[in-house]
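Coordinate analysis (summary)
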Amino acid sequence: MRKRAAPRSVHLGVGAGSKASEGPVGFDFGAEHGAVEEAPLRRALLRLMPGARRQALLGAVRGVRYRGDLAECPCCGSTFSRFLPHRGRSHAKCPGCGALERHRLLWLFLERQTDLFERPGAMLHIGPEYGLLRQLSRIEGLSYVTGDVDSALASYELDVMDLPFGVGSFDFLICNHVLEHVEDDRRALAEIHRVVKPGGWAILMSPIDHRRESTLEDSAVLTPRDRHRVFGQGDHLRLYGRDYRDRLVEAGFAVRADRYLEGFDEGSIRRLGLRREQDNAFGVEEIFFCVKPEQ
Ligand SMILES: [Zn+2]
């Protein structure tokens, strides 16, 4: 484990997202799935300001620019005239905190469907997303640790296939849209299972092609161009199919694939900027809620 030499305060949400699915190192929040065009203002900010302060400033500027009451972000608790487009999707990214549709859905799930706020505990957040990190780091009684292979947002540099924590270190664990980037995802899942306490839970979401019965993997597909063609993104190492859940079960978890979005009416989906099934090429995003059995 390598704790960062100058650890950033997660309470300030310092840093920039760099999980592969969140954009390259040092990039601005919400830069999901690769580089986005850098506006002159952002280029200047990138040079002048470190991660989270820059994000907070950008959020504040955008918050003014998009002030209104038609869109509501549960992650930052603010309202806006609309959400920003993101990677071809309209109404996707929060102007204030950069949260995307699935981050907002997950935050609502955490608030309403889990015991996260009801008991003190420890959480490991692997590949932290700024919009979620910002809120999770503020939960009273939660010992919150973030880690990533290379992210200014994370407090620990770590390899998910070799986690630097003891058995049963965490009551809660979040690791979303990471496993499809990892060389040996079964080893990563074994590690995740190891560090979660018996009775604790992990939320492990990944992009899944529900049209596929089994996961597509091919170690001969090496170049970003080929990976994009075969797996859907240049830094993905596999394309999960409907057997994704089986890998979580094999690791030892009791798994509930929660289609939480289905409980929302059209008005709420629009206002909260969630993604309906017909908007998502891969089908509705399921929240994989994985409990480590007591024994
Ligand atoms: Zn927000």
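Keep in mind it's a predicted model, so treat the numbers as computed, not measured.

Let us now look at the overall build of the chain. Across its full length, the chain holds eight helices and 14 strands. Of all 295 residues assigned to the chain, the portion counted as buried reaches 41%. Excluding contacts between residues fewer than 6 apart, the proportion of contacts in the chain whose partners are at least 24 apart in sequence is 64%.

To continue, consider helix α3 (residues 101–113). An α-helix turns once per 3.6 residues; consequently, residues spaced three or four apart project the same way. Over its 13 residues, α3 extends 18 Å from the first C-alpha to the last, a length consistent with the 18 Å expected when each residue adds 1.5 Å. Within the sequence span of α3, burial applies to Glu101, Arg102, His103, Arg104, Leu105, Leu106, Trp107, Leu108 and Leu110. In this fold, the buried residues of α3 make contact with β2 (71–73), β5 (89–93), α4 (130–136), β10 (196–203) and β14 (287–291).

Among the residues making up helix α5 (residues 185–195), those that are buried are Asp185, Ala188, Leu189, Glu191, Ile192 and Val195. Looking down the long axis of α5, one finds its buried residues gathered within 160 degrees of arc, a one-sided arrangement. The secondary structure elements touched by the buried residues of α5 are β6 (121–126), β9 (170–175), β10 and α7 (244–250).

It is worth spelling out unusual backbone geometry at this point. Positive phi outside glycine occurs at His91, with the angle close to 55 degrees. Position of His91 among the secondary structure elements: in strand β5.

This part takes up the environment of Val195. Relative to the assigned elements, Val195 resides in helix α5. With 30 residues separating them in the primary sequence, Val195 and Phe165 have C-alpha atoms 6.5 Å apart. Among residues more than four places away in sequence, those in contact with Val195 are Leu124, Leu163, Phe165, Val167, Ser169, Phe170 and Leu173.

Right, let's get into the nonpolar core. Ranked by size, the top nonpolar core spans 56 residues in total, and within it Leu173, Cys175, Ala202, Ile203 and Leu204 carry the most contacts. Elements with a minimum of two residues in this core: β2, α3, β6, α4, β9, α5, β10 and β14. Split by domain, this core shows at least three residues from each of two domains, domain 1 (9–93) and domain 2 (102–291). Sequence-distant contacts of Leu204, that is, excluding residues within four places in its chain, are made with Cys175, Leu179, Leu248, Phe288 and Cys290. Ile208, Leu239, Tyr240 and Tyr244 belong to the second-largest nonpolar core, a separate cluster that totals five residues.

Regular strands place their side chains on alternate faces of the sheet. Burial analysis of β14 places four of its five residues in the buried class, the great majority of the element. Across three bridges, β10 lies against β14 in antiparallel orientation. Residue pairing in the sheet places Ile203 in a bridge with Phe289 of β14.

Secondary-structure assignment places Leu133 in helix α4. Given 28 C-beta atoms within 10 Å, Leu133 falls into the buried group. Along the primary structure Leu133 and Thr146 are separated by 13 residues, whereas in three dimensions their C-alpha atoms are 8.3 Å apart.

Let us now look at the environment of Lys93. By secondary structure assignment, the location of Lys93 is in strand β5. With 10 residues separating them along the chain, Lys93 and His103 place their C-alpha atoms 9.7 Å apart.

Criteria and cut-off values
- Residues numbered from 1 in each chain as written.
- Predicted model: local features only at pLDDT ≥ 70, side-chain atom pairs only at ≥ 80, totals over all residues.
- Helix = DSSP H or I, 4+ residues; strand = E, 2+ residues; numbered from the N terminus.
- Buried ≥ 20, exposed ≤ 12 C-beta atoms within 10 Å, placed from the backbone.
- Contact = placed C-beta atoms within 7 Å.
- Expected span 1.5 Å × (residues − 1).
- Arc of directions from axis to C-beta.
- Core = buried A, V, L, I, M, F, W, Y, C linked by C-beta atoms within 7 Å.
- Domains from an automatic or database assignment.
- Pairing = 2+ DSSP bridges.

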